Amino acid sequence: MFKPLETPPSDEQLSFTFDGKPVAATRGMSVAGALFQSSTDAIRNTPVSGSARGPFCMMGACYDCLVQIDGVTVQACQIPVTDGLVVSRVPNTHKGAE
Amino acid sequence: MKSSSNSATADTIVIGGGLHGCSTALHLALRGMKVIVVEKDRVGRHASSANAGGVRRLGRALPEVPLSAASAQMWQNIEALVDDDCGFVASYQVKLADTDEQMDQLRARAQQVRDIGFEHEHIIDQQTLRDLVPAVSPACIGAMAVKGDGFANPFQTIKAFHQKCKQLGVTFHEGSGVDRIERAGTEWSVQTADGTFVAPNIVNCAGAWGGKIAAMLGDDLHVEARAPMLIITEKMPHFIDCVAGAQGIPFSFKQFPNGTVLIGGGHVGTAHPDINKTDLNFEGLATYAKTAQRYFPIMKNAKIVRCWAGIEGFMPDGIPVIGAGQADNVFHSFGYSAHGYQMGPVCGKILSELVIDKASTLPIAPFAPTRFAA
Amino acid sequence: MMQSQFDIVVVGAGPAGMSAAVEAAKHGATVCLLDEQQRAGGQIYRNVAQTTPAQAKILGKDYLAGGRLVQELGQSAVDHRAGVTVWNVGEDGAVTYSRNEQAGQVRGQHVIIANGATERPVPIPGWTLPGVITAGAAQIMMKSDGLVAQNAVLVGSGPLLYLVATQLLAAGAPPKALVETQTRRNLMSALPHFFGAVKDWKQLVKGMRFLVTLKRAKVPRYTAASEIAVEGTDHAQAVTFRAGGKDHRIETDMVLLHQGVVPNTQISRSLKLDHRFDDIQRCFHPVTDALGQSSHPLFSIAGDGAGIGGAKVAAISGRLAALNALASIGKIDAGLRDTQAAGLIRSRQSELSIRPFLDVLYTPPEEVFAPADDTIICRCEEVRAGDIRKFAAMGCDGPNRTKVFGRCGMGPCQGRNCGLTVTEILAAEHKRTQNEVGAFRIRAPLKPVTLSELSALSDTIHQDKTQ
Ligand SMILES: Cc1cc2nc3c(=O)[nH]c(=O)nc-3n(C[C@H](O)[C@H](O)[C@H](O)COP(=O)(O)OP(=O)(O)OC[C@H]3O[C@@H](n4cnc5c(N)ncnc54)[C@H](O)[C@@H]3O)c2cc1C
Ligand SMILES: Cc1cc2nc3c(=O)[nH]c(=O)nc-3n(C[C@H](O)[C@H](O)[C@H](O)COP(=O)(O)OP(=O)(O)OC[C@H]3O[C@@H](n4cnc5c(N)ncnc54)[C@H](O)[C@@H]3O)c2cc1C
Ligand code: FES
């Protein structure tokens, strides 16, 4: 899906969790970028049909990359990874999700 | 612009295609009248689709209580009227209190309503409240509650009333603002941007613009255009069934079946009715946000997706004008002062009775247009 | 406490916003520049100040040209606030934003909107599947995340499609294929504009060079493709389409869509500025004069947000908007404004000479404006093209009424993804022009904010008033 550039922009390795699972990143990456790197691109389910979605525009315009940090819904493509960040899926509000 | 050669006659011309105009047209058509609705913009463009969808008897001004109770019964069976459930969800409306003084005020109020013969308002204690609304702040010590009140979907409602009217043969002229009204023998001739319409009866359902239409008909009725504001959030996991308000504070709070939470209750922006424009007032919106967190701590992190305001007509005494004007066969129904959505079904019926029977089966004297005469 | 009153507030730190801010500061105005990215640069020069030599090689010379602008900005007296998302612009010049979930507000005597462009939505079957992203998104990941898309199939048309393809190639990840919608007819109708374009032969040559590079690398190209769809249930698996009279199917888990860029009109719409539909670029843009003055005296618009012109045009129009703003608040007189503007307007004209050629050559196919009935157009509320047509038949005659009929455009993206498509479908159904049909009304907040941020705002406003 995605691979790092041969010489990555930074050597500084960071780590955060998405839904409890550790994800590796390098400094400068957005949460969405790091998730892509770990082949996690279906990061939420739509409230209407429950279908899988992932980041689409990477520039803050589509709102398909929503995740939660500290209980707040945010755009994963707009949040730079910081070490130890705890990221979770947005609650699935699709009817019949339970 | 469309040709202004349009001209048509009917039994009644309804001015204004909001919920009240549509409901009036619907009830007139049900009784066999030929009705034309003229609307300056689009059907439901204003208060009737901008509103919060609250279907509430709770806390109504006393003169409105009998009408509101009758309308509540119509809401229970709204599908029979318009072939659509309008998204109506009956649960509870609650008015929260967090001080003993507020509880006393609520008790006194419920007594007033019982005194005029209505039993729907009940006082509930903290435990009952918490069972009903688990998400409520522990600081709330009780509430007034009305079972069977709830909310509906304003978009769905206006669409259903509009479609049902069309099915019954009501004609709508949109983009058809009334500029002038003249008497032509026993008929009224209504001149709009889209043509001239003639009928013996006129019903003025022009909302915040009702005063202007009244003036064209020789009635001096002052209605003020204000812009109540609302906030809607992202979709949240389901956490509340009831619609909540608060004693003494402009606040109204509900979660729709799709998960979005609507916050409103009285803060206003600026209305520019002449150019169909509203400006938001951020201090008012910020106060809503504070109040919502105060009563529902779960809201702290909720994301606001949109804020808006709608243009609504307010009367000086906070209740609408319903009744005959001075000229023959002229009736007014406007100025619902931010609580006319719930009353839509019944007021249309009342107006149909006024037009056809010249009297209503419900007590409408307190709403008489003449009440403002000096 | 941070300063909150400025002569000029600029929203957006791309080439347009950076040039505007620097130019205004040069003339002694106090300037605040706001952008939601962590660093100045905008879309084209995203992250340029942090670029490693390896990235520089992949992204090319044009990209690096932005470095100078960023440097000038750094040396100027401009108060640049990065990582701030503007979510309301008031008619009084008050600009409200959030930064790390904290609300803030600045006020300008004049506001320059330089919020750039977004990629045109490309509603095709399957475009909502994970594994489908925009070509711009793939580029952003190279610039900011240091990641490159592998085995990608690029779908659509436009210079950026080729640019991204060659950048992927340079990064050692040749695309699996290019599926292009552009037809011979596009080329034939573009030719009359060719002589206008030769003034800018450098750009034309560059365009040709992309194609040569792709050919040398043996990247398969399919042109005049139609009936394009992405297959998959929970993830993209393949792209299917018709081209050259045959059905094709290319397996891939990475699809990059692109059909050009369109002005981001969220702010200008929320202010109810006058807008007009451009029949050639097939999008709305706010109406401005040569200096960028909008229909409201307090607001100028610069860069792609006023109409697509590219990075160089954006930088020039930024300076023009600054002159306009400076004159309107009395920092310079009209005479100085006009003499300085004249040269800039001339050089903008020559930069723009290639536009008609590109616009016609890369006109998106009708499929983009008239998606099949079961194609989702509103990604947030999952409203389909057929729903809009059904609403139209029921009397729905404007974008705002599609909200009433079916919640179209009411999700968190506020219609960014579906707005243009809704206008196009309604225009086609009612046989009216896009101008007559109009666009979504945009309301605050322009981007979602938390309740706690909004409530904190009232304290900020109060402090401001009591100062
Ligand atoms: C934000 C907000 C929230 C609200 N929340 C609630 C709630 O929760 N519960 C509740 O019960 N009520 C609520 N209300 C009140 C309720 O929405 C209104 O009382 C009700 O919709 C009024 O309906 P109407 O038909 O009288 O007015 P409108 O819907 O405003 O319709 C009047 C129509 O007349 C037309 N018109 C005006 N002048 C002319 C002319 N010259 N010629 C032709 N046509 C003309 C207008 O264009 C307009 O469409 C709320 C109102 C607002 C604004
Ligand atoms: C994804 C993408 C990639 C592109 N890549 C190239 C390329 O490689 N080469 C090329 O020639 N052209 C490219 N373009 C075209 C490019 O947009 C223009 O040529 C040029 O960048 C326009 O400059 P601008 O200053 O008008 O806008 P932009 O450069 O787009 O700058 C606008 C800025 O405004 C900010 N902004 C927008 N809304 C808000 C808000 N509400 N709050 C705060 N900040 C906000 C954005 O973060 C952005 O930084 C690309 C366009 C897109 C959409
Ligand atoms: S990917 Fe589009 S907003 Fe984040």
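Remember, it's a predicted structure, so these values are computed and weren't measured experimentally. (Residues numbered from 1 in each chain as written. Chains lettered and ligands numbered in written order. Predicted model: local features only at pLDDT ≥ 70, side-chain atom pairs only at ≥ 80, totals over all residues. Heavy atoms only, no water.)

Quick look at the domain arrangement of chain C
All names here are of chain C. When cut into domains, chain C gives domain 1 (5-118 + 262-332), domain 2 (121-259) and domain 3 (370-432). The centre of domain 1, based on its C-alpha atoms, is set 29 Å off from the matching centre of domain 2. Overall, the association of domain 1 and domain 2 removes approximately 890 Å² of surface from exposure, summing both partners, and the carbon and sulfur fraction of that is 54%. Ranking the residues of domain 1 by area buried against domain 2 places Arg46, Ile58 and Leu59 at the top, with a combined share of 55%. At the surface where domain 1 touches domain 2, the tally comes to 6 residue pairs in polar contact (both at pLDDT 80 or more). With 3 residues, helix H2 (residues 53-59) is the single largest residue contributor to the side of domain 1 that touches domain 2. Classifying every residue of the side of domain 1 that touches domain 2 gives 4 nonpolar, 3 polar and 2 charged. (Domains from an automatic or database assignment. Buried area = accessible area lost by both parts, 1.4 Å probe. Polar contact = N/O pair within 3.5 Å; in protein donor to acceptor, adjacent residues only side chain to side chain. Helix = DSSP H or I, 4+ residues; strand = E, 2+ residues; numbered from the N terminus. Nonpolar A, V, L, I, M, F, W, Y, C, P; charged D, E, K, R; others polar.)

Describing the site of ligand 2
Taken together, 31 residues lie around ligand 2, and Ala16, Asp35, Gln43, Gln139 and Asp304 of chain C are the ones closest in. Site remark: ligand 2 is flanked by residues from chains A and C. Taking Pro15 of chain C, its main chain carries an N or O atom lying 3.2 Å from an oxygen atom of ligand 2. One of the side-chain nitrogen or oxygen atoms of Gln139 of chain C is found 2.6 Å away from an oxygen atom of ligand 2. Computed on the free molecule, ligand 2 has an accessible area of 960 Å², of which 92% lies beneath the protein chains in the complex. For the shell around ligand 2, the secondary structure elements donating two or more residues are helix H1 (15-26), strand E4 (85-89), strand E7 (117-119), helix H5 (135-145), helix H6 (159-170) and helix H11 (311-328) of chain C. Counting residues per element, the shell around ligand 2 draws most heavily on H5 of chain C, at 3 residues. A per-class count over the shell around ligand 2 returns 14 nonpolar, 12 polar and 5 charged. Here the shell around ligand 2 spans two domains, since at least three of its residues come from each of domain 1 (5-118 + 262-332) and domain 2 (121-259) of chain C. (Near = heavy atom within 4 Å. Areas by Shrake-Rupley, 256 points an atom, 1.4 Å probe, with all protein chains shown as cover.)

A closer look at helix H9 (residues 282-295) of chain B
All names here are of chain B. In this model, H9 (14 residues) spans 20 Å end to end at C-alpha, consistent with the 20 Å of a helix rising 1.5 Å per residue. H9 sits mainly inside the fold: 10 of its 14 residues count as buried. Put simply, Asn281 is the residue that caps the front of H9, since its side-chain oxygen is 2.9 Å from the backbone nitrogen of Glu283. (Expected span 1.5 Å × (residues − 1). Buried < 20%, exposed > 50% of the residue type's maximum accessible area, 1.4 Å probe, protein only.)

Describing the side chain of Thr134 of chain C
Note that Thr134 of chain C resides in strand E8 (residues 132-134). In this structure, Thr134 of chain C is in contact with Phe56 and Cys57 of chain A together with Glu119, Leu256 and Leu257 of chain C, ignoring residues within four places of it in sequence. (Contact = heavy atoms within 4.5 Å.)

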